[in-house]
Amino acid sequence: MNWISVEEQTPPRNKMIIMLSDKGVGFAQFNVFGELEYIKVDGKKQSSFHKITHWMNLPEPPYSVSQRPG
């Protein structure tokens, strides 16, 4: 997986992503209008403005839900 610049491609809507911002690396989700809906950096939900520069999709889990151990 590689980082994608927001100048090259905007993040998908309604999908959790990994993002890099001026405040650190975290998770984000954009709503159907392309507005930042959710952002979490350093384990805390954030509501302040972030300048997101890069993003990537979350990796697939190592197993499917039906194959979950336990």
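Our structure's up above, just so we're on the same page.
Residues numbered from 1 in each chain as written. Predicted model: local features only at pLDDT ≥ 70, side-chain atom pairs only at ≥ 80, totals over all residues. Heavy atoms only, no water.

Caption draft 1: Main features of the side chain of Ser-5. Following the sequence through the fold, Ser-5 ends up in strand E1 (residues 4–5). For Ser-5, a relative accessible area of 14% puts it in the buried group. Looking at Ser-5, its side chain comes within polar contact range of the main-chain nitrogen of Glu-7, at 3.1 Å. Leaving out residues up to four positions away in the same chain, Ser-5 has contacts with Thr-53, His-54 and Trp-55. (Helix = DSSP H or I, 4+ residues; strand = E, 2+ residues; numbered from the N terminus. Buried < 20%, exposed > 50% of the residue type's maximum accessible area, 1.4 Å probe, protein only. Polar contact = N/O pair within 3.5 Å; in protein donor to acceptor, adjacent residues only side chain to side chain. Contact = heavy atoms within 4.5 Å.)

Caption draft 2: Looking closely at the nonpolar core. Formed by Ile-17, Met-19, Ala-28, Phe-30, Ile-39, Val-41, Ile-52 and Trp-55, the largest nonpolar core amounts to eight residues. Among the secondary structure elements, those contributing two or more residues to this core are strand E2 (17–21), strand E3 (24–30), strand E4 (36–41) and strand E6 (52–57). Apart from residues no more than four positions distant in its own chain, Met-19 is found in contact with Trp-3, Gly-24, Val-25, Gly-26, Phe-27, Ala-28, Ile-39, Lys-40, Val-41, Ile-52, His-54 and Trp-55. (Core = buried A, V, L, I, M, F, W, Y, C linked by side-chain atoms within 4.5 Å.)

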